[in-house]
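Structural features, examined
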Amino acid sequence: MSIFDQISKDIIAAMKAKDAVRRDALRNVKKVFLEAKTAPGAGDELSDVDAMKILQKLAKQGREAADIFIQQGRQDLADAELAQVAVYADYLPKQLSDAELEVEVKAVIEEIGATSIKEMGKVMGLATKKLSGRADGRAVSECVKRLLS
């Protein structure tokens, strides 16, 4: 079953369970999926890879919005955003912990043979491909900087 079909099925389940937060979050996801499917050149298709990218983008936007709300002293709005991010996280691959991320980045550094911060671009290129979906780009970048310094 594709992610799109799973989201559609889960919207119905959330409505039956009267889970408004989950229902609204999934409806938002489905809206973005439908926009992507009907975009020019999409051919009315949405692959699971593209769906994952959309979910990752929505989760990142939600976390960033929650940070802004917290800075502005609006914890109520931040909590609402984070609740939706938690729903998106159910469909995303498990994120690497800091220790797991460091192990993966060290392996990439050894594979490339990087020894200085000047080679950060090479390391980031391979690391972002290998860790796509499992780690935030900012976290990967910070880890690479720390290990190469």
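One can find the structure itself at the top, above this paragraph.
The notes below deal with the structure included here. (Residues numbered from 1 in each chain as written. Predicted model: local features only at pLDDT ≥ 70, side-chain atom pairs only at ≥ 80, totals over all residues. Heavy atoms only, no water.)

Glancing now at the pattern of salt bridges. Tallied over the entire structure, the rule returns 8 salt bridges. A salt bridge links Asp76 to Arg74, with the nearest nitrogen and oxygen atoms 3.1 Å apart. Here Asp76 falls in the partly exposed class, since its relative accessible area comes to 47%. Residue classification places Arg74 among the partly exposed positions, given a relative accessible area of 38%. (Salt bridge = Lys/Arg side-chain N within 4 Å of Asp/Glu carboxyl O. Buried < 20%, exposed > 50% of the residue type's maximum accessible area, 1.4 Å probe, protein only.)

Inspection of every chain in the model, using the stated rule, returns 1 aromatic pair. Here Phe4 and Phe33 contribute two aromatic rings whose centre-to-centre distance is 6.2 Å and whose plane-to-plane angle is 35°, an arrangement assigned as tilted. You can see Phe4 sitting in helix α1 (residues 3-16) and its partner Phe33 sitting in helix α2 (residues 20-37), a full 29 residues away along the chain. When its relative accessible area of 0% is taken as the criterion, Phe33 is described as buried. Sitting over the ring of Phe4, Lys37 keeps its end group 4.3 Å from the ring centre. (Phe/Tyr/Trp six-rings, centres within 6.5 Å; stacked < 30°, edge-to-face > 60°. Helix = DSSP H or I, 4+ residues; strand = E, 2+ residues; numbered from the N terminus. Lys NZ or Arg CZ within 6 Å of the ring centre and 35° of its normal.)

If you check the backbone angles, Lys18 has positive phi at about 60° while not being a glycine. In this structure, Lys18 sits in the loop between α1 and α2. With relative accessibility at 74%, the residue Lys18 sits in the exposed group.

Position of Lys30 relative to the elements: it lies in helix α2. You can call Lys30 partly exposed: its relative accessible area is 26%. In sequence terms Lys30 and Gln84 are 54 residues apart; their C-alpha atoms lie 13 Å from each other. Residues within four places of Lys30 in sequence aside, it is in contact with Phe4, Ile7, Ser8 and Ile11. (Contact = heavy atoms within 4.5 Å.)

With that settled, consider a negative patch on the surface. Taken together, Glu64, Asp67, Asp136 and Glu142 make up a surface patch of like negative charges. By secondary structure assignment, the location of Glu64 is in helix α3 (residues 48-71). (Patch = residues over 30% accessible without salt bridge, like charges linked within 9 Å, V, L, I, M, F, W, Y side chains within 5 Å. Areas by Shrake-Rupley, 256 points an atom, 1.4 Å probe, with all protein chains shown as cover. Lys, Arg positive; Asp, Glu negative; His and termini not counted. Charge placed at Lys NZ, Arg CZ, Asp CG, Glu CD.)

Moving on, we come to the nonpolar core. If you look at the biggest cluster of nonpolar residues, it comprises 20 residues, and the most contacted ones within it are Ile7, Val29, Phe33, Leu55 and Tyr88. Of all the elements in the fold, those that place two or more residues in this core are α1, α2, α3 and α4 (75-89). Those residues in contact with Tyr88, other than ones at most four positions away along the chain, are Ala25, Asn28, Val29, Leu55, Leu58 and Ala59. Within the second largest apolar cluster, 16 residues are counted, among which are Leu101, Ile109, Cys143 and Leu148. (Core = buried A, V, L, I, M, F, W, Y, C linked by side-chain atoms within 4.5 Å.)

End to end, α2 covers 25 Å across 18 residues, agreeing with the expected 26 Å (1.5 Å per residue, within 8%). Within the sequence span of α2, burial applies to Ala25, Leu26, Val29, Val32, Phe33 and Lys37. In a view along the axis of α2, the buried residues occupy a sector of 140°, so they form one face of it. (Expected span 1.5 Å × (residues − 1). Arc of directions from axis to C-beta.)

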